Every structure is written in C-alpha cells, then in structure tokens.
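# Structural overview
This is what each chain is made of:
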Amino acid sequence: MRSSGIPIGNLVERIKQKHISVMQTDIFIWVHHREGVIEDATFGLAAEADAIISARGGKGAITAIALGKYFEDPLDQLGLYGVNRVFHFKGSAAEPYHGEYCAETLAEFMETEKPFAFLMAHTDQTADLGPRLAALKGAGVVTRAIDLGKVEAGQVTVTRPIANGHLSEKVCFGCPPPYLVTFLPAVLSATEPEGEDKAGVIVRELPEMSTRNLQTEIVDVIEASPGDVDIAEADIVVAGGRGVGRDERFE
C-alpha cells in the first residue's frame with residue numbers, strides 16, 4: 001500500500017475543507033412576518049444573501065425559513081426576490097414563538113442542511129433566536145449588523161455600531177460556518193422583484209412540544225395594542241419635545 005505522503009492531520013483538514021465547500025454553500029434567511037403577511041425586511045435579507053453568493057463566485061442558493069401556522073402571502077412568491085426554496089415549519093407549536101423549542105428544532109435541521117450563513121433582521125424574536133442557535137451549533141453570531149464586508153476564502157466581515165451608534169466596528173468570524181448575522185431592519189433594502197420564478201415550498205410539520213425535554217414554558221403572551229405602530233417599518237419618524245408647547249404646533 002503506497003503512502004500519499006500527506007500527514008494525517010493535514011489530510012483530515014483537507015477533508016473538512018472539502019466538506020465545507022461542497023455542503024456549506026446555501027444561505028438561510030429568516031422569513032419575518034406579521035400575522036402571515038411577509039415583512040419588507042425579508043426581501044432585504046434576500047438581497048444580502050444574493051450578495052454573499054455573488055461574492056463567492058455564484059456558488060450556493062437562497063433558502064428561506066418560515067415559521068408559522070399559516071401565511072396570507074404565498075411563500076412561493078419569494079422566488080421573485082431570488083429565493084430558491086422555502087422550508088415552512090408549521091403546526092400548533094409554531095405559534096406563539098418558543099425560543100428553546102424553535103432553536104433546538106432549527107439546530108437539528110441545520111445539522112442536515114449545513115448552511116454557510118443564516119441571516120435575520122434584528123427583532124425581539126431573533127435577538128433571542130440567534131444566540132440560542134449559535135450556542136447549540138457552536139457557531140459565531142454577530143447581532144445588529146449594518147453592513148456585510150468582504151466574503152472571501154471562507155471569511156465574512158461584518159460591520160456593526162457600538163458606543164450608542166457613535167462608532168462602528170468591523171468583526172471577522174474566526175470560526176467555521178455556519179455564520180449567524182442579525183441586521184438592523186433599517187439598513188435592509190430589497191431589490192425590485194424580477195421575472196416570474198417561484199420558489200419551491202417544502203412543508204415540515206413541527207412535532208409537539210411534549211416530545212422534547214424543554215426547560216422553559218410560555219406562561220402568557222401579552223399582545224401590543226392594535227393601534228400601536230412599529231416605527232421600524234416607518235419611512236419617516238417625526239419626534240417632538242416639550243418645547244413644541246401645544247399639539248397644534250407639533251402637527
């Protein structure tokens with residue numbers, strides 16, 4: 001039997017790198033929605049995912065992860081924004097959002113699919129989900145990102161604000177994929193939909209929560225007033241202080 005002349009350690013590392021290049025190419029994005037209506041941040045995430053794929057020489061596809069009992073907007077329409085396929089996780093356990101259960105379910109799914117990156121908009125929900133996934137996968141996570149820098153040689157650079165937004169810092173992942181990034185919603189902008197391509201939708205029924213040994217439970221969910229406006233979705237925000245004096249002046 002002839003020896004290859006390659007040290008065992010180097011050979012194992014080459015096998016690992018080959019596995020990453022073959023398997024870890026797809027970009028996951030989180031489908032943000034409100035009562036089944038897909039929010040604009042999702043389309044912005046698709047644009048960011050497309051930028052990563054382009055920077056990597058066109059390798060990979062965009063996979064959207066949707067969690068919810070139903071969607072008023074057809075999920076296959078995400079194909080107009082470059083999404084290739086959608087995994088719709090549905091069932092009684094889909095709502096309300098349960099961080100521990102959701103993270104464990106997605107971690108197992110990522111073990112099979114092995115994405116290169118998982119992109120989300122930074123919300124109350126994903127601020128919980130991102131770190132949970134990172135802990136379960138032993139992966140790196142950058143939150144409240146405002147820009148993706150160069151993506152080359154398996155490296156991803158992310159810019160995020162610090163010091164209450166007065167400064168910014170560039171962070172480079174020092175670990176293997178998957179890379180988890182949450183973006184400030186205000187920086188996400190979608191491209192115009194093109195063509196008539198529709199994404200393939202794959203439905204996954206969620207198992208009952210009772211099948212898992214969960215350490216937490218949802219006691220109650222207090223809904224916000226229907227009249228409240230999410231300023232993250234507003235194009236223009238006008239604010240006034242006491243110096244305005246009267247409501248008429250503010251208007």
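Here goes a summary of the coordinates provided. (Residues numbered from 1 in each chain as written. Predicted model: local features only at pLDDT ≥ 70, side-chain atom pairs only at ≥ 80, totals over all residues. Heavy atoms only, no water.)

### Quick look at the nonpolar core
Core analysis: the biggest nonpolar cluster contains 35 residues, and Ile29, Leu78, Val83 and Leu119 have the highest contact counts within it. Every element with two or more residues in this core is listed here: β1 (27-30), α2 (40-55), β4 (62-67), β6 (117-121), β7 (140-145), β8 (147-152), β9 (155-162) and β11 (179-183). Counting residues per element, this core draws most heavily on α2, at seven residues. Sequence-distant contacts of valine 83, defined by excluding residues within four places in its chain, comprise Ile29, Ala46, Ile62, Ala64, Leu78 and Ala199. Of all hydrophobic cores here, the second largest spans 23 residues; its members include Ala103, Phe118, Leu133 and Ala139. (Core = buried A, V, L, I, M, F, W, Y, C linked by side-chain atoms within 4.5 Å. Buried < 20%, exposed > 50% of the residue type's maximum accessible area, 1.4 Å probe, protein only. Helix = DSSP H or I, 4+ residues; strand = E, 2+ residues; numbered from the N terminus. Contact = heavy atoms within 4.5 Å.)

### Quick look at helix α4 (residues 124-137)
For α4, with 14 residues, the first-to-last C-alpha span of 21 Å sits near the 20 Å given by 1.5 Å per residue. Looking only at α4, the buried set comprises Thr126, Leu129, Gly130, Leu133 and Ala134. Viewed along the axis of α4, the buried residues span an arc of 130 degrees, placing them on a single side of the element. The outward face of α4, more than 90 degrees from its buried face, is lined by the exposed residues Asp124 and Ala135. (Expected span 1.5 Å × (residues − 1). Arc of directions from axis to C-beta.)

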